[in-house]
Amino acid sequence: MPLIHRRAALAALAGALWLTTQPLAAQEASAPGIEITKGFMRASPMVAAAGAGFMTIRSTGAADRLVAFRSPACARPELHTHINENGLMKMRQVEAIEIPAGGEAVLQPGGLHLMFIDLTGPLEDGAMVPVTLVFEKAGEVAITLPVHKAGAMN
Ligand SMILES: [Cu+2]
């Protein structure tokens, strides 16, 4: 195939890939077997040194596990849940967040969440934070989480 035709074919392929990834809103993402919706973070001042991220993760197929995440917004990302210890709500690190086959894991205030420890800057209302989620089966899934007001529930 002449070079010029190969370039045109590659451009058409790149265009098709771009189109299939564009319709998603910023707080949504998908990968084979995984759909993520309702992603957001809460505004947090730099002095707090930590922030939290929330979302609904649905498996459209087999069970999967969220095992880690990365973000330029923090130096130490951890997966957390809340536990009630003698009437006090405490955060506890978890090894993974299970997504049941055909079901969903809901990360929400007071429950499971992404914990951004050692923030690299303040999380301001209206900011957009890039996050890479790491799943055991689906692999890495990129999402952008919009920052909502401090104390926001969605
Ligand atoms: Cu936490």
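Values in this document were obtained by computation on a predicted structure and should not be read as measured data.

**Student:** Requested: an account of the nonpolar core, with residues and values cited.
**Tutor:** With 29 residues, the main nonpolar core has Ile 36, Leu 114, Phe 116 and Leu 133 as its most contacted residues. Aside from chain neighbours lying at most four places away, what touches Leu 133 is Ile 36, Met 55, Leu 66, Ala 68, Phe 69, Leu 114, Gly 139, Glu 140, Val 141 and Ile 143.

**Student:** Mind laying out the coordination of the copper ion, listing which residues take part and the relevant values?
**Tutor:** At the metal site, the copper ion is ligated by His 80 (ND1), Met 91 (SD), His 113 (NE2) and Met 115 (SD), and these contacts range over 2.0 to 2.2 Å. Geometry at the copper ion is tetrahedral, judged from the four donor atoms that bind it and their angles of 94 to 121° at the metal. Read N to C, the donor residues that coordinate the copper ion are spaced as H-x10-M-x21-H-x1-M. Within this pair, whereas His 80 is found in strand β5 (residues 74-85), its partner Met 115 is found in strand β9 (residues 113-119), the two being separated by 35 residues in sequence.

**Student:** For the pairing of strand β11 (residues 139-148), give the residues involved together with the corresponding values.
**Tutor:** Sheet topology places strand β2 (residues 34-42) next to β11; two bridges connect them, and they run parallel. Paired with Met 41 across the strands is Val 147, a residue of β11. Both strand β10 (residues 128-135) and β11 contribute to a ladder of eight bridges, which runs antiparallel. Residue pairing for β11: Thr 132 is matched across the bridge by Ala 142. From the end of β10 to the start of β11, which pair antiparallel, there are three residues.

**Student:** Can you tell me about the environment of Met 115, naming the residues and giving the values?
**Tutor:** Classification of Met 115 as buried rests on a relative accessible area of 9%. Counting along the chain gives 74 residues from Met 115 to Met 41, while the straight-line C-alpha distance between them is 10.0 Å.

**Student:** Describe the side chain of Ser 59, with residues and values.
**Tutor:** For Ser 59, the position within the fold is in strand β3 (residues 50-59). Here the side chain of Ser 59 touches Gly 61 through a polar contact of 3.2 Å, landing on its backbone nitrogen. Among the polar contacts made by the side chain of Ser 59, one reaches the main-chain carbonyl oxygen of Ala 62 at a distance of 2.5 Å. Once residues lying within four places of it in the same chain are set aside, the contact partners of Ser 59 are Gly 33, Ile 99, Pro 100, Ala 101, Gly 102 and Gly 103.

**Student:** Quick rundown of the packing of aromatic side chains? Include the residues and the values.
**Tutor:** All chains considered together, the criterion is met by two aromatic pairs. Consider the rings of Phe 40 and Phe 54, whose centres lie 5.0 Å apart with planes at 35°: the pair is tilted. You can see Phe 40 sitting in strand β2 and its partner Phe 54 sitting in strand β3, a full 14 residues away along the chain. With a relative accessible area of 5%, Phe 40 lands in the buried category. The exposure class assigned to Phe 54 is buried, which follows from its relative accessible area of 3%.

Criteria and thresholds
Residues numbered from 1 in each chain as written. Predicted model: local features only at pLDDT ≥ 70, side-chain atom pairs only at ≥ 80, totals over all residues. Heavy atoms only, no water. Core = buried A, V, L, I, M, F, W, Y, C linked by side-chain atoms within 4.5 Å. Buried < 20%, exposed > 50% of the residue type's maximum accessible area, 1.4 Å probe, protein only. Contact = heavy atoms within 4.5 Å. Donors = N, O, S within 2.8 Å, 3.2 Å for Na, K, Ca; no water. Tetrahedral: all angles 85-135°; square planar, octahedral: opposite > 155°, others 65-115°. Helix = DSSP H or I, 4+ residues; strand = E, 2+ residues; numbered from the N terminus. Pairing = 2+ DSSP bridges. Polar contact = N/O pair within 3.5 Å; in protein donor to acceptor, adjacent residues only side chain to side chain. Phe/Tyr/Trp six-rings, centres within 6.5 Å; stacked < 30°, edge-to-face > 60°.

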